[in-house]
Every structure is written in structure tokens, then in C-alpha cells.
Amino acid sequence: MDYGGCKYLVPCGKDKYISKNELLLHLKTYNIYYEGQNLQLRHREEEGELIVEGLLNISWGLRRPIRLQMQDDNQRIRPPPSSSSWHSGCNLGAHGSVLKPSTLPDIQVTDAEATPNAEAPGSGAGEPGSAPPEETPQLMRTRSDVGVRRRGSARTPSEQRRIRRHRFSINGHFYNHKTSVFTPAYGSVTNVRINSTMTTPQVLKLLLNKFKIENSAEEFALYIVHTSGEKQKLRASDYPLIARILQGPCEQVSKVFLMEKDQVEEVTYDVAQYIKFEMPVLRSFIQKLEEEEDREVKKLMRKYSILRLMIEQRLEEISEGPTAM
């Protein structure tokens, strides 16, 4: 790849620009890091404009359930009588077994109220065919908040049949077809193919459309979350792919998260550097700041006391002047 070129500026947000050469250097580092992987990015020029394109990893950081479309492309969804594929290649099993095509996107789902003691899908009677959980969080199969089965809860055969009748999956992840509600596991990763000209709202809509999510894109925002605790919200005018390139490729340092707008507050670097300290250390910081504040207050009080005495002395001299004449 040729990473040379002219020095014109590339927009990376509202009133924010970066030189083409600098961006290409960041891109070169990014691609070296992901050498041999499908996360490498490509770039080209169209009418003198530099365009970078490729996959962007986005981590799920939702705290509330999201809603799936009940119908896909105006096609009616009906529970299949046996293990067979359904719309757009999403394979379903009548008893919870899943045949997942390798070309479909992955999304991890989990029970919003589930505990570590909850049984995995397919572990109960009459639900064979479930695969063991993968090491990667992206492929772990868990059940939605509807119809989750906990240890010790006995169900009659009729209840088990009713649950299986309403139990569907998208790419191997179970949810209840009657409600179409589930919560992606926090921190699980998906990706979307975008380019450097797409703004934050466009990327959000693309991600929601990919998984047929009914929620409005206005409910969500993209954040760059650092391991230090710093959280930076991407504005509507920002370009997420360029932001990812500038942050560097290593996701151990920072990740792009999809989160609810009303659930997350931005955390600046100045605040983030204190987040991971223990309480005794933070208390010692506060104590030192209070001592420093007291010293500054006393210093100011002495300064202004001296100024007050000088002013009063000068006033006395002025008042005595006409009398002496």
C-alpha cells in the first residue's frame, strides 16, 4: 500500500481536521497491528477525497433490553414444525437446536436479570442439541429475559412445550418470539462494515438495521471507552472509523461501545485518572487538597490585611493634611 501523498486536510469532526499524511501513518500502524486479519482497513481516493473503509468492532454496552422486529422484509414469521431454516438464512430448531451459517453476523445476548447460576439454554429436559459455550464472549449462547429457566424451578410438560413454541433464535442466540425482547451481553463484540465518510448517526442506523432492531437510533450513542475509565462520546458530526484509527488499533487500551444516551455520562481524562484509586488513597488526596486550600486562604488573608492597613494609613494621612495647613 502507498501511504504517501499530498498534505491536504481530512475532516474528522466538526471543525476538526487532520492532515492526510498523518492519517495515513496512523492507518499504516493500524493495519500492521491487524496484519493477516479481516480487521485491516483499505483506502482509496475518489475525486481527490481520501476514503478509508473496513470493519469496525463495536462492543455492546446496553443496560436495558432491546426490541427485535417481529417481521423481516414484510415476510411473516411462523414457528417451524421442525428444524429448518427461516427468513434470510436464520436457522432454527424446534427444540432449540441451531444450525448457524458462517456468513451471518454474530450477536451475543443474555438475560438482563440472569445470575451465574442460571442454566444455559438447552441444558434442560427436552432441549437437546445446544453447543457448549465458546471462550470468546461473542459466541456465547444465552437466553433472553423471557422464559429463562432457573435451577430448582419445575415446569410441567405443557409449560415446556409452550416455551419451546415461542422460543426463537437469531444467529444462534435465543429470545422469545412472543415479545421479541433481549439484552446483548455487556462487552460482547460485533462489527459493521463502514467507511470514513459515515457519521455517528449513520453508523448507529447501520448497526441497528443489521440486527433488525426496532429501537430508534436516537436512543443510543457511541462512546470511546478507555481502560483508564475515560469515556468520550462521539458527536453526530464525528466519523467513528477515523476516531478508531486515531485512537490506535489496540482494544486493550480503548474500545468503541454502543450505549444508551441517558444511562452514560462522559468522563474526562482529568477525572478518569482518579477513578481506579482506592478510597484511602482518595481520602489522602482530599486531605492534602484541604491543607493546601487552608494555606492559600491564610496567605490571601495576610495579603489583604496588609493592604487594608496600608489603605487605612493613607486615608488617615489624607484626612490630617488639611488640618495641619
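Residues numbered from 1 in each chain as written. Predicted model: local features only at pLDDT ≥ 70, side-chain atom pairs only at ≥ 80, totals over all residues. Heavy atoms only, no water.

- For the chain, the name recorded in an unreviewed UniProt entry is Ras association domain-containing protein 2, with Eudyptes filholi as its organism.

## A closer look at the pairing of strand β12 (residues 189-195)
Inference 1: Within β12, five of the seven residues are buried, leaving the element largely enclosed by the surrounding structure.
Inference 2: Pairing analysis gives seven bridges linking strand β4 (residues 49-60) to β12, with the strands arranged antiparallel. What sits directly across from Leu56, in β12, is Val192. (Buried < 20%, exposed > 50% of the residue type's maximum accessible area, 1.4 Å probe, protein only. Helix = DSSP H or I, 4+ residues; strand = E, 2+ residues; numbered from the N terminus. Pairing = 2+ DSSP bridges.)

## Points about the packing of helix α1 (residues 20-33) against helix α4 (residues 240-247)
Inference 1: It is the contact of α1 with α4, at a shortest axis distance of 8 Å, that shows an interaxial angle of 75°. When the axis of α1 is compared with that of α4, the two are roughly perpendicular. Touching Leu23, His26, Leu27 and Tyr30 of α1 are Ile242, Arg244, Ile245 and Leu246, all from α4.
Inference 2: Of the residues in the contact of α1 with α4, the class split is six nonpolar, one polar and one charged. (Axes fitted to C-alpha atoms, helices over the stretch in contact; angles between N-to-C directions. Parallel < 35°, antiparallel > 145°, perpendicular 65-115°, else oblique. Contact = heavy atoms within 4.5 Å. Nonpolar A, V, L, I, M, F, W, Y, C, P; charged D, E, K, R; others polar.)

## Description of the nonpolar core
Inference 1: By size, the foremost hydrophobic cluster in this structure holds 41 residues, and its most contacted members are Ile58, Leu222 and Leu258.
Inference 2: Put simply, the parts of the chain that give this core at least two residues each are β1 (9-13), α1, β4, β12, α3 (200-210), β13 (220-226), α4 and β15 (254-260).
Inference 3: Ranked by residue count, the leading element in this core is β4, at six residues.
Inference 4: Those residues in contact with Leu258, other than ones at most four positions away along the chain, are Ile58, Ser59, Trp60, Gly61, Leu62, Leu204, Leu207, Phe220, Ala221 and Leu222.
Inference 5: Counting six residues, the second largest nonpolar core, distinct from the first, contains Val225, Phe257, Met259 and Val264. (Core = buried A, V, L, I, M, F, W, Y, C linked by side-chain atoms within 4.5 Å.)

## Topic: α4
Inference 1: For α4, the tally of buried residues reaches six of eight residues, placing the bulk of the element in the interior.
Inference 2: Among all positions of α4, only Pro240, Leu241, Ile242, Ala243, Arg244 and Ile245 are buried.
Inference 3: Gly248 occupies a position one or two residues after α4 and carries a positive phi of about 100°.

## Regarding the pattern of salt bridges
Inference 1: Tallying each qualifying case throughout the model produces eight salt bridges.
Inference 2: The partner of Lys16 in a salt bridge is Asp238, and the shortest N-O contact between them spans 3.3 Å. In this pair, Lys16 is assigned in strand β2 (residues 16-19) and Asp238 in the loop between β14 (231-233) and α4, connecting sequence segments 222 residues apart.
Inference 3: Classification of Lys16 as partly exposed rests on a relative accessible area of 37%.
Inference 4: On the accessibility criterion, Asp238 (4% relative accessible area) is buried.
Inference 5: Residue Arg44 is joined to Glu46 by a salt bridge in which the shortest nitrogen-to-oxygen separation is 2.8 Å.
Inference 6: A relative accessible area of 38% means that Glu46 is categorised as partly exposed.
Inference 7: By sharing partners, the salt bridges in this structure join Arg44, Glu46 and Glu53 into a single network. (Salt bridge = Lys/Arg side-chain N within 4 Å of Asp/Glu carboxyl O.)

## Side note on the packing of aromatic side chains
Inference 1: Using the criterion set out here, one finds four aromatic pairs in the structure.
Inference 2: Centre to centre, the rings of Tyr30 and Tyr34 are 5.2 Å apart; their planes meet at 55°, and the pair counts as tilted.
Inference 3: Tyr34 sits in the buried class, given a relative accessible area of 6%.
Inference 4: The aromatic ring of Tyr186 is capped on one face by Arg63, whose charged end is 4.1 Å from the ring centroid. (Phe/Tyr/Trp six-rings, centres within 6.5 Å; stacked < 30°, edge-to-face > 60°. Lys NZ or Arg CZ within 6 Å of the ring centre and 35° of its normal.)

## Structural notes on a negative patch on the surface
Inference 1: Taken together, Glu290, Glu291, Glu293 and Asp294 make up a surface patch of like negative charges.
Inference 2: Tracing the sequence through the fold places Asp294 in helix α6 (residues 279-324). (Patch = residues over 30% accessible without salt bridge, like charges linked within 9 Å, V, L, I, M, F, W, Y side chains within 5 Å. Areas by Shrake-Rupley, 256 points an atom, 1.4 Å probe, with all protein chains shown as cover. Lys, Arg positive; Asp, Glu negative; His and termini not counted. Charge placed at Lys NZ, Arg CZ, Asp CG, Glu CD.)

## Quick word on a nonpolar patch on the surface
Inference 1: Taken together, the side chains of Leu300, Tyr304, Ile306, Leu307 and Met310 make up a nonpolar region of the molecular surface, amounting to roughly 510 Å² of accessible area.
Inference 2: Its place among the elements puts Tyr304 in helix α6.

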